[in-house]
Amino acid sequence: MSEIKIVAASIINFLKQQLESDSLSADSRESVEVGVQCIETAFELTPEELSKGVDLLQLVKKQKGGATPADRVEAEKLKNEGNEFMKAERHKEALEKYSRAIELDPQNSVFFCNRAAAHFKLGEHESAVADAMAALALQPNYGKAYGRLGIALTALDRHTEARNAFARAVQLEPDNDSYKENLKMAEERLAERGERPPLDLGGLLQNPALLNMATEMLSDPNMQHLISGLMTANTAGAGGGLGGLLGSDAALAPSLLEAGQALAQQMQAANPELVEQLRRQVRPPGPPGNQPPHTQ
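Read on for a plain summary of the structure. (Residues numbered from 1 in each chain as written. Predicted model: local features only at pLDDT ≥ 70, side-chain atom pairs only at ≥ 80, totals over all residues. Heavy atoms only, no water.)

1. What about the packing of helix H7 (residues 109–121) against helix H8 (residues 125–138)?
- The geometry of H7 relative to H8 is characterised by a closest axis approach of 8 Å and an angle of 165° between their N-to-C directions. Judged by the inter-axis angle, H7 sits roughly antiparallel to H8. Note on packing geometry: the crossing formed by H7 with H8 is left-handed. Across the interface between the two elements, Ser 109, Phe 112, Cys 113, Arg 115, Ala 116, His 119 and Phe 120 from H7 touch His 125, Ser 127, Ala 128, Asp 131, Ala 132, Ala 134, Ala 135 and Leu 138 from H8.
- A class-by-class count of the residues in the contact of H7 with H8 yields 9 nonpolar, 4 polar and 2 charged. (Axes fitted to C-alpha atoms, helices over the stretch in contact; angles between N-to-C directions. Helix = DSSP H or I, 4+ residues; strand = E, 2+ residues; numbered from the N terminus. Parallel < 35°, antiparallel > 145°, perpendicular 65-115°, else oblique. Left-handed = near helix turned anticlockwise from the far one by under 90°. Contact = heavy atoms within 4.5 Å. Nonpolar A, V, L, I, M, F, W, Y, C, P; charged D, E, K, R; others polar.)

This is the structure in structure tokens:
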């Protein structure tokens, strides 16, 4: 799609936004409608091309430095009204309120996250993903946005991505049981398909239990002696350079095996529950289950 068409589509989208508002008189509305038809015809724009236009109002607000205090107050009011519509299961009306709030204050991640929920309830899962991603672009550590992203991805049958989103949500909000349950369900669905969930190294490295266990093990004199002996064997086997190191594999193998066995025994004795969690994360998936994942 050319840049010229993107500009034309953006103008049309802006004009349509004005037609949806109550700010135009009857004569002005008729003129705008004619203008929309003329631009669509002149640039031969398809519905798909129109969907790729940028939001001119948001662009102008960003260039002006964001919403004014009055805009923020009005946007917060609209958001609260949208929340009430969501409680009443009037999801279309809620979507409209959130969209108007975003027009006034496009830098508020909560508005995008709430609109993602409205899109999801309306079955508009791709739009829900887009809004959740927009919320995360504004607030990268937004646990609720990751949760809603995971739910929308699950509905789209994108379970690997959903699993990653839920894992991040759990990492940000470890006490949220719904995120934990959805993560478990996503992993079960991956297992049903014969796929192994990706190893979350970032989560492992930030796991307090794992860090505490590593600290205790490294302070153990027996483990220090074992590691020291392994390093000595490595240095001796490496000889004078890369060739010596490559040639030392046979000599190093028993030391590595001994170290691995000792490490495993220490971990099992120190925290058997954590060891079982690690095993579940790296073992191959088991036989398919019968329960599909559910969303919150």
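2. Some details on the side chain of Ser 109
- Mapped onto the secondary structure, Ser 109 falls in helix H7.
- Every residue in contact with Ser 109, bar those within four places of it in the chain, is listed here: Ala 135, Leu 138, Gln 139 and Tyr 142.

3. Describing helix H2 (residues 26–42)
- Taking 1.5 Å per residue, 17 residues should reach 24 Å; H2 reaches 25 Å between its end C-alpha atoms and fits that length.
- Looking one or two residues beyond H2, the residue adopting positive phi is Glu 44, at roughly 50°. (Expected span 1.5 Å × (residues − 1).)

4. Structural notes on the packing of H7 against helix H9 (residues 143–155)
- Viewed as axis vectors pointing N to C, H7 and H9 meet at an angle of 20°, and their least axial separation amounts to 10 Å. Our classification of the angle between H7 and H9 gives roughly parallel. Relative to H9, the crossing made by H7 is left-handed. Judged by residue contacts, Cys 113, Asn 114, Ala 117 and Phe 120 of H7 engage Lys 144, Ala 145, Arg 148, Ile 151, Ala 152 and Ala 155 from H9.
- Each residue belonging to the contact of H7 with H9 can be placed in one class, and the counts come to 7 nonpolar, 1 polar and 2 charged.

5. Observations regarding the environment of Ser 28
- Checked against the element boundaries, Ser 28 lands in helix H2.
- Separated by 3.0 Å, the side chains of Ser 28 and Ser 25 make a polar contact. (Polar contact = N/O pair within 3.5 Å; in protein donor to acceptor, adjacent residues only side chain to side chain.)

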